[in-house]
Amino acid sequence: MASKFGATTRQLRQLMEHRGKEGRSHIDSDFGGSASLLEALQVDSNSGLKAEDTSELERRRAVFGANVIPARPPKTYIELAIEAAKDPTLIVLTAAGVISLILGVTLEEDKSVGWIEGFAIFIAVVVVINVTAFNDYTKEKQFRGLQEQIESDQRFSVLRSEQVIQLVTSEIVVGDIALFKYGDKMPADGVVLQSNDVMIDESSLTGEAMLVRKSVEKDPMLLSGTQVMEGSGSMLVTAVGLNSQSGIIFQLLTGVKAPAGLAGEVDADDAEGADKGKGLYKDRGIPDEVRKRHKSAPGDEEEGGDEGEGEGKATDEDEDSGSTKSVLQNKLTSMAVRIARFGTAAAIIAVLVLLLRFSIEEFGVKGRAWDKKKDPSIIVHAFVTGITVLVVAIPEGLPLAVTISLAYSVKKMLVDNNLVRHLHACETMGNATVICSDKTGTLTTNRMTVVRAYLAGRMFSENISSSEIPKLISDLLPDCIAVNSSYTSKILPPEREGGFPKQVGSTTECAMLGFVNNQMGKSFETIRKEHPVESFTKVFTFNSDRKSMSTVIPIENGGFRLFCKGASEILEKCSQAVAFDGGFTPLAARDHTEIRSNVVETMASNGLRTICLAYRDFTREDVEGLKSLRSAASLEAAAADGDDDEGPFDNEDMVVSHLTCLGIVGIEDPVRPEVPAAIKVCSRAGITVRMVTGDNEKTAQAIATKCGILKPKEGHVVLTGKEFNKKVRNADGNVDQALLDKVWPNLRVLARSSPADKFTLVGGIIKSKLSKTREVVAVTGDGTNDGPALKRADVGFAMGIAGTDVAKEASDIILTDDNFTSIVKAVMWGRNVYDSISKFLQFQLTVNVVAVLVALICVFAIKETPLTAVQLLWVNLIMDSFASLALATEPPVPELLNRKPYGRTKPLITRSIFRSIAGHSIYQITVMLVLVFAGNTLFDIDNGIGRELRAPATQHFTIVFNVFVLMQIFNEINSRKIHGERNVFEGFFDNLIFVFIFILTLIVQVIITEFGGIAFRTTHLSAQQWMWCIFLGCSELVINQIVVSVPKHPLPTIGNEPAIPEPERIDAKILWMRSLWRVQTQIRVVNAFRGQVDRRPSVINAVGGSSDPFAMTSPKREPAANRRSAASQLSVKTITGGGEPGANTVVDGLETDV
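Residues numbered from 1 in each chain as written. Predicted model: local features only at pLDDT ≥ 70, side-chain atom pairs only at ≥ 80, totals over all residues. Heavy atoms only, no water.

The subject of this paragraph is the confidence of the model for the protein chain. Averaged over all residues, the pLDDT of the protein chain equals 76, while 76% of them reach at least 70. Here helix 39 (residues 1085–1088) is the element of the protein chain with the lowest mean pLDDT, 36, and helix 37 (residues 1023–1043) is the one with the highest, 94. Here residues 260–324 is a poorly scored stretch, pLDDT under 50, and it has 163 contacts once near neighbours within four places are set aside; other chains count. Ignoring residues within four places in sequence, the model shows residues 1057–1154, a span with pLDDT below 50, making 328 contacts including any to other chains. (pLDDT = per-residue confidence, 0-100. Helix = DSSP H or I, 4+ residues; strand = E, 2+ residues; numbered from the N terminus. Contact = heavy atoms within 4.5 Å.)

Written out as structure tokens, the structure is:
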């Protein structure tokens, strides 16, 4: 089958191992050039593969492999159970159970029942292991589904059947012609067919941070996983999946092999020579950072180790090890350590008291000798009691509650257009105090239309007649728009009758293409056919620094024409404009000022985005002049790089100058109708929304006012990027936190900003200590250079529609609809996660405090605990698991947005929660002690105190156990509210999971009480006794009304930790799936809350090795020129009024704590 193609998989793989001009020479020598390579792979460069020929596509997959990197097989149920069994507490319990079992069958007088307690402990441990393994198995299945969802959303532009279509990357095959542009991540290996000023970041494969220029003649080799940092072009796909260079490395470093029979399986000689300098890594071996990325698969890390654990954003202390934690996780970690210390101390005290009392009373007072039949069982029982106290003290259900709450929220957030990549982002978003949002597409509809045009000195707002404008403009303006834009941007017919035409690609470019078709009366498709991409001489593609795009094409008489479009700063490069009579009007500095004031600012103040369109013609003499003007320094640098054949148009500063202005168009991007209401919700919720945009200051101010971000009489400030930097940098040019703290509280709009400005603002707000609870910042971004700010933020939102692959890779959550209202929904879900965990803490800690204190008091008073180890295993591990599922799946309610965010330093146990725990604990301890010491008298039954170790169960201690459990079950209803609400039944039936678990727990408790027998040390209760037990359980609902009436302000808080140091630099190696494996192997709190929420390792990590935070997505290179025009920096505009820095407007809602 392979013989039908003129190239084999091995040949193509070997071809892609070469770099630079060496790669070009191998294409020419091995295949006879790019045209012959296309012919060998049976591809037409003009039409691509046939989309309708599915059999041909399958044939290519069979011969060359599919574009898929197989995931490591998931852990089996048995493996998960074994990991759960490795928990230290369960190991100790199992050992105690085994010892108890051995002693029971060897030393007990009544061997027929002596084995039961040890066996019951063993069975309870087995049940716990299986419950944990089952939960982990279901969570893993869900998270893998989410990972597949992320991968299915990754699409790439491919030419098939003469049409550019968006394909899921896994459907790309060898022979496809892929079209790439600025911000794309390469889906496969390939050879450049056409390029426009292409710069590639290959640091994910080579570890080198320098950008690499790619072109047909000099370096045509493109590798999967590398990122397009500048330019655009097309490539012929030559290797996919495991046959690509990144796939080969993935196999070598992870051990994942291709399926049997797949042509791309790594050969032995490849494996042997991988680290000896073969192929891509010749002379330097596989870089350490690349090796670490590929080896950090889930489950690889050593259990119990701290290195690389954690989630969220890195702190300074953790930077080197990669250890990171989220806001909630830091609080839980601190609390977990405290609880563990408390439990350990209580367990040690219990064991020592039991052993000392036994020794003193039996051997000291009574003076008897050692009884080898009874005394070992008593000592083992003392240790079992101590272990039981430790088990009760540590909230084993808490990690499960956290995981269930996060998993449940992730699934539901997907319905609300939030695709969560990092689980910690769920709860962190609930603490958000600041949202730095983009404008285009997030606050606006991103459906742009040209509504104004300034042409030949006149303003047009309706259809333009050719008689109203000079012929030069009617001829050149459509060409300028159609040619000087990405050819992947186009307008398609409406998908349904009466609908809007479908805009594909850049919406700004689509708006101007629509202007060409609808108002200029031309066809952009016809113009593009006359000027195919292959005919372009030079392209300066758009990027955030350049803020413009320029294209040079050949014209008649051997000359060239440059078309330029971009921000209104392009006007500064225009030396003349086309006049109404068809002539040219010189543009002096005064003319620039007048046009900017009367045209640009007028359009911008109406919320329009202004785009300037210009051109310049070059004669042959001009081209020769450009060549002669090349500086000696540029010639020397080019020779050093082996690039001494630089063209005359490579010097952008000289080429894009002395332009002729064709006109300025105003593009309307309406505010989303739902955004103003969403901004009001944020304000009510105590969240400040700031707009950070690269747009004109006037445009940004107009849109911000319409959205409600800027409000009159509140002292809000609008700054440009230039003015912002002047205010926050000291004399040495470094950012001064004290200066920044004077700016950001009132700043609401940062216009004409660069990605570096956004990074500075976000980092400054996070590090600021102006507010008591510290700021938690969420950021939206869509561009490649937004990556640093997205990583720096506590939660980074990438645009699912307009966002680049690099931005998505750097983000925590992807907005699948690019809508600001989805961010508000994420806030609500985040607060729900935080509150769900607080609800469970309120419930769990009440159980723990009551059980531990009752056990200790009874150990001191009667030398035993009224609750056996098996009973407490049911209470603490089984019932609490049910409670975690019930409380962690509470649906969010709109009232969550009626309070301020908690912030970084808000105590985890608030005064309201402390009041609930203390109040219910005091009541329950009182009831339990009364029942223990007087229950036999009150119920007229036999006393259960002082009986033999293996004596039959009594109704006395059965009632104690039953009342204890029933009080917890009914207190679970109280725990649904954590802000002091009286109506605990509000929304009770909205959560059917809670109702089901509540009923199920009651039923199981009845079964255990009546039929638990020797295993649970329970016996039958009468109907009257059951009524009293239920009455005492239900009394929890009444006691709750008393508890919430107690003033809370004198009460303390728990978990009010000092602010966590914030990072100067962010480690980007935050992977998606590792939380899964962490929760599987560490169900205990101390270990579980040092785990890392992460994703399954991708083949490529986008981040390079630079230590500079801004260089993580923008590797170092020598800039062509300083592309920021001084005219782009405008002045500060302040909305009239006063206001306090950092003030938040919040409507009183639910009771909250300070």
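Core analysis: the biggest nonpolar cluster contains 61 residues, and M429, I435, M691, C707, I709, F797 and F820 have the highest contact counts within it. Ranked by residue count, the leading element in this core is helix 31 (residues 820–862), at 12 residues. In this view, I709 contacts L443, I679, V689, M691, A704, H716 and R748; residues no more than four positions away in its chain are not counted. (Core = buried A, V, L, I, M, F, W, Y, C linked by side-chain atoms within 4.5 Å. Buried < 20%, exposed > 50% of the residue type's maximum accessible area, 1.4 Å probe, protein only.)

Turning to the pattern of salt bridges, a few remarks are in order. Using the criterion set out here, one finds 21 salt bridges in the structure. Between E56 and R59 there is a salt bridge, with the nearest N and O atoms lying 2.9 Å from each other. Taken together, the residues span about one helical turn, with E56 and R59 both in helix 4 (residues 54–64) at a distance of 3 residues. Across the pair, R59 and E56 agree in class, each one buried. As a salt-bridge pair, E202 and K214 come within 2.8 Å of each other at their nearest N and O atoms. (Salt bridge = Lys/Arg side-chain N within 4 Å of Asp/Glu carboxyl O.)

This paragraph deals with the environment of T344. Counting through the fold element by element, T344 comes out in helix 13 (residues 327–365). Each C-alpha atom, one on T344 and one on L390, is 5.9 Å from the other, the two residues being 46 residues apart in sequence.

Another aspect to go through is the side chain of Q1005. Inspection of the secondary structure assignment puts Q1005 in helix 35 (residues 992–1011). For Q1005, a relative accessible area of 0% corresponds to the buried category. Those residues in contact with Q1005 that lie beyond four places of it in its chain are W874, F961, N962 and V965.

Take the pairing of strand 7 (residues 227–239) next. In terms of residue burial, strand 7 counts as a mostly covered element, since 13 of its 13 residues are buried. Direction of pairing for strand 3 (residues 177–181) relative to strand 7: antiparallel, over a ladder of 5 bridges. Across the sheet, F180 pairs through a bridge with G233, a residue of strand 7. Pairing between strand 4 (residues 189–201) and strand 7: 10 bridges, direction antiparallel. (Pairing = 2+ DSSP bridges.)

Phi angles above zero are rare outside glycine, and H658 is one such case at about 50°. Along the chain, H658 turns up in the loop between helix 23 (652–655) and strand 22 (659–668).

Right, let's talk about the packing of aromatic side chains for a bit. By the definition in use, this model includes 13 aromatic pairs. For the ring pair F988 and F998, a centre distance of 6.4 Å and an interplane angle of 85° mean the geometry is edge-to-face. Placement of the pair is F988 in the loop between helix 34 (955–974) and helix 35 and F998 in helix 35, with a sequence separation of 10 residues. Taken together, a centroid distance of 5.8 Å and an interplanar angle of 90° make the contact between W1028 and F1031 edge-to-face. Residue W1028 and its partner F1031 are located together in helix 37, separated by 3 residues, close to a single helical turn. Exposure remark for W1028: the relative accessible area of 42% places this residue in the partly exposed category. An aromatic cluster is present here, built from F970, F985, F988, F989, F994 and F998 joined pairwise through their rings. (Phe/Tyr/Trp six-rings, centres within 6.5 Å; stacked < 30°, edge-to-face > 60°.)

Our focus in this paragraph is a nonpolar patch on the surface. A cluster of nonpolar side chains, namely F119, F122, I123, V126 and V127, defines an oily patch on the protein surface of about 370 Å² accessible area. Along the polypeptide, I123 turns up in helix 8 (residues 116–152). In this structure I123 comes out as partly exposed when scored by relative accessible area, which is 37%. (Patch = residues over 30% accessible without salt bridge, like charges linked within 9 Å, V, L, I, M, F, W, Y side chains within 5 Å. Areas by Shrake-Rupley, 256 points an atom, 1.4 Å probe, with all protein chains shown as cover.)

Where helix 20 (residues 589–605) meets helix 25 (residues 697–707), the closest approach of the two axes is 7 Å, and the angle between their N-to-C directions is 20°. Classified by the angle between their axes, helix 20 and helix 25 sit roughly parallel to one another. Between helix 20 and helix 25 the crossing geometry is right-handed. Across from E601, A604 and S605 in helix 20, the residues of helix 25 making contact are K698, T699 and A702. For the contact of helix 20 with helix 25, the residue count by class is 2 nonpolar, 2 polar and 2 charged. (Axes fitted to C-alpha atoms, helices over the stretch in contact; angles between N-to-C directions. Parallel < 35°, antiparallel > 145°, perpendicular 65-115°, else oblique. Left-handed = near helix turned anticlockwise from the far one by under 90°. Nonpolar A, V, L, I, M, F, W, Y, C, P; charged D, E, K, R; others polar.)

Looking now at the pairing of strand 22. The element strand 22 is extensively covered by neighbouring structure, given that 9 of its 10 residues are classed as buried. Summarising the sheet, strand 21 (residues 608–618) and strand 22 pair through 8 bridges and their orientation is antiparallel. Looking at strand 22, one finds that R609 is bridged to I667.

Glancing now at the environment of G20. With respect to the element layout, G20 can be found in helix 2 (residues 20–31). Through-space distance from the C-alpha of G20 to that of E217 is 8.9 Å; in sequence the pair is 197 residues apart. Setting aside chain neighbours within four positions, we find G20 in contact with K218, D219 and P220.

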